[in-house]
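So you can see what is in the structure, the chains are spelled out below.
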Amino acid sequence: MPNVTIYIPADRMPPDEALAGLTEQCTELCEGILQAALPNVHIIYVAVWHGRGHPAFAEIQYRLEPFRTLPVMERFMEGLDEAIRRKIGLTARIRCFGYDASSIHARN
């Protein structure tokens, strides 16, 4: 974990090369700032029918760790916001949800 899911309006879905660049940036943020191991990083794009609100929505789920403090998460969100703007030209609402390891049940 972390899982980064970015919801993008279907009619504004960027080309594959832009998403590849964003995937690279998101991975670097997860490995660098969040100190996540590469096999645990998942980046997912979901095409949506947009009703209202920000042009994109980013949801990050991550395991709570002592080193993932408020300042660290702020730095991560700033980096993610900048990457989304630069790579796909959209402003995203960003929400992070931390989970205690004892509350995560996983497979594969």
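**Q** I'd like a description of the packing of aromatic side chains, backed by residues and values.
**A** Counted according to the given criterion, the structure contains one aromatic pair. Considering the side-chain rings of Tyr 7 and Phe 57, the 6.0 Å spacing of their centres and the 45 degrees angle between planes classify their relative orientation as tilted. In this pair, Tyr 7 sits in strand 1 (residues 3–9) while Phe 57 sits in strand 3 (residues 56–63), placing the two residues 50 residues apart along the sequence.

**Q** A description of the side chain of Thr 27 should follow, citing residues and the corresponding values.
**A** Relative to the elements of secondary structure, Thr 27 occurs in helix 1 (residues 16–32). Among the residues examined, Thr 27 registers a relative accessible area of 16% and is labelled buried. For Thr 27, the contacting residues outside a window of four places in its chain are Leu 38, Val 41 and Ile 43.

Calculation notes
- Residues numbered from 1 in each chain as written.
- Predicted model: local features only at pLDDT ≥ 70, side-chain atom pairs only at ≥ 80, totals over all residues.
- Heavy atoms only, no water.
- Phe/Tyr/Trp six-rings, centres within 6.5 Å; stacked < 30°, edge-to-face > 60°.
- Helix = DSSP H or I, 4+ residues; strand = E, 2+ residues; numbered from the N terminus.
- Buried < 20%, exposed > 50% of the residue type's maximum accessible area, 1.4 Å probe, protein only.
- Contact = heavy atoms within 4.5 Å.

Purely spatial values, then, with no claim about function.
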